[in-house]
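Residues per chain, in single letters:
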Amino acid sequence: MPQPKATAIEASECSQQILATIVRRQTAPIWLVTRAKIIVKAIEGKSNTTIAKELGLGRVTVSLWRNRWYESTERRIAVEEKGGNERELEAIIIESLRDAYRSGTPPKFSAEQVVQIVAIACEDPQASGYPVSHWTPREVAAEAIKRGVVESISERQVGRFLKRG
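Residues numbered from 1 in each chain as written. Predicted model: local features only at pLDDT ≥ 70, side-chain atom pairs only at ≥ 80, totals over all residues. Heavy atoms only, no water.

Visitor: Mind laying out the packing of helix α2 (residues 30–43) against helix α4 (residues 59–71), listing which residues take part and the relevant values?
Guide: Where α2 contacts α4, the two axes come as close as 10 Å, and the packing angle between them is 75°. Classified by the angle their axes make, α2 and α4 are roughly perpendicular. Where α2 approaches α4, its residues Arg35, Ile38, Ile39 and Ala42 are matched on the opposing element by Val62, Trp65, Arg66 and Trp69. Partitioning the contact of α2 with α4 into residue classes produces six nonpolar, no polar and two charged. (Axes fitted to C-alpha atoms, helices over the stretch in contact; angles between N-to-C directions. Helix = DSSP H or I, 4+ residues; strand = E, 2+ residues; numbered from the N terminus. Parallel < 35°, antiparallel > 145°, perpendicular 65-115°, else oblique. Contact = heavy atoms within 4.5 Å. Nonpolar A, V, L, I, M, F, W, Y, C, P; charged D, E, K, R; others polar.)

Structure, rendered in structure tokens:
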């Protein structure tokens with residue numbers, strides 16, 4: 001079964017010099033160097049499979065970064081045409097080689113709930129019917145559930161809230 005043709009990519013002489021500098025830079029993060037190497041080899045006309053074998057990566061990974069580079073072509077050209085400096089072009093190149101933003105999991109507890117939990121910890125435990133002089137995270141968690149601040153919470157999570165603030 002024939003593989004799909006890789007997206008043909010190009011880069012100006014200045015962009016190629018910046019990529020070569022990134023590859024040689026010893027202080028550059030490995031993710032940036034690897035992605036710059038992918039682009040350099042792709043500009044040379046190598047296939048995704050060949051690049052993947054040479055760099056020890058998956059073909060899908062190589063394809064992803066080749067496509068991301070292609071998608072950022074207009075931005076790079078715009079900077080070069082307006083006479084932007086090399087530093088500005090380098091910033092755009094690095095930005096095009098960064099991971100896409102991922103939002104992650106939404107927080108389970110709102111800021112208001114966290115404040116209420118911390119407020120419970122600041123109260124006198126004896127006023128809430130606990131025969132102790134200081135709160136433990138377990139007692140704060142039980143009190144927060146009892147007051148309806150949260151449906152459930154672990155004592156460890158309460159400990160993290162209290163440690164933070």
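Next comes the rest of the write-up.
Visitor: So what about the pattern of salt bridges? Which residues, and what values?
Guide: All told, the structure shown has eleven salt bridges when counted by the stated rule. Across the pair Glu90 and Arg25 runs a salt bridge whose closest N-O atoms are separated by 2.8 Å. In this pair, Glu90 is assigned in helix α6 (residues 86–96) and Arg25 in the loop between α1 (13–24) and α2, connecting sequence segments 65 residues apart. Of the residues examined, Glu90 reaches a relative accessible area of 19% and is grouped as buried. Taken together, the shared-partner salt bridges in this structure form one network comprising Lys41, Glu44, Lys46 and Glu54. (Salt bridge = Lys/Arg side-chain N within 4 Å of Asp/Glu carboxyl O. Buried < 20%, exposed > 50% of the residue type's maximum accessible area, 1.4 Å probe, protein only.)

Visitor: Account for the environment of Glu143, with residues named and values stated.
Guide: Along the chain, the position of Glu143 falls in helix α8 (residues 137–146). Each C-alpha atom of the pair Glu143 and Ala121 lies 9.4 Å from the other, and the pair is 22 residues apart in sequence. If near-sequence neighbours (up to four positions away) are discounted, Glu143 is found in contact with Ile120, Ser128, Tyr130 and Trp135.

Visitor: So what's going on with the packing of α1 against α6? Residues and values would help.
Guide: The geometry of α1 relative to α6 is characterised by a closest axis approach of 10 Å and an angle of 65° between their N-to-C directions. For the element pair α1 / α6, the angle class is roughly perpendicular. Here the hand of the crossing between α1 and α6 comes out right-handed. Side by side, α1 and α6 meet where Cys14, Ser15, Ile18, Leu19 and Ile22 of the first sit next to Glu86, Leu89, Glu90, Ile93 and Ile94 of the second. Split into classes, the residues belonging to the contact of α1 with α6 amount to seven nonpolar, one polar and two charged. (Left-handed = near helix turned anticlockwise from the far one by under 90°.)

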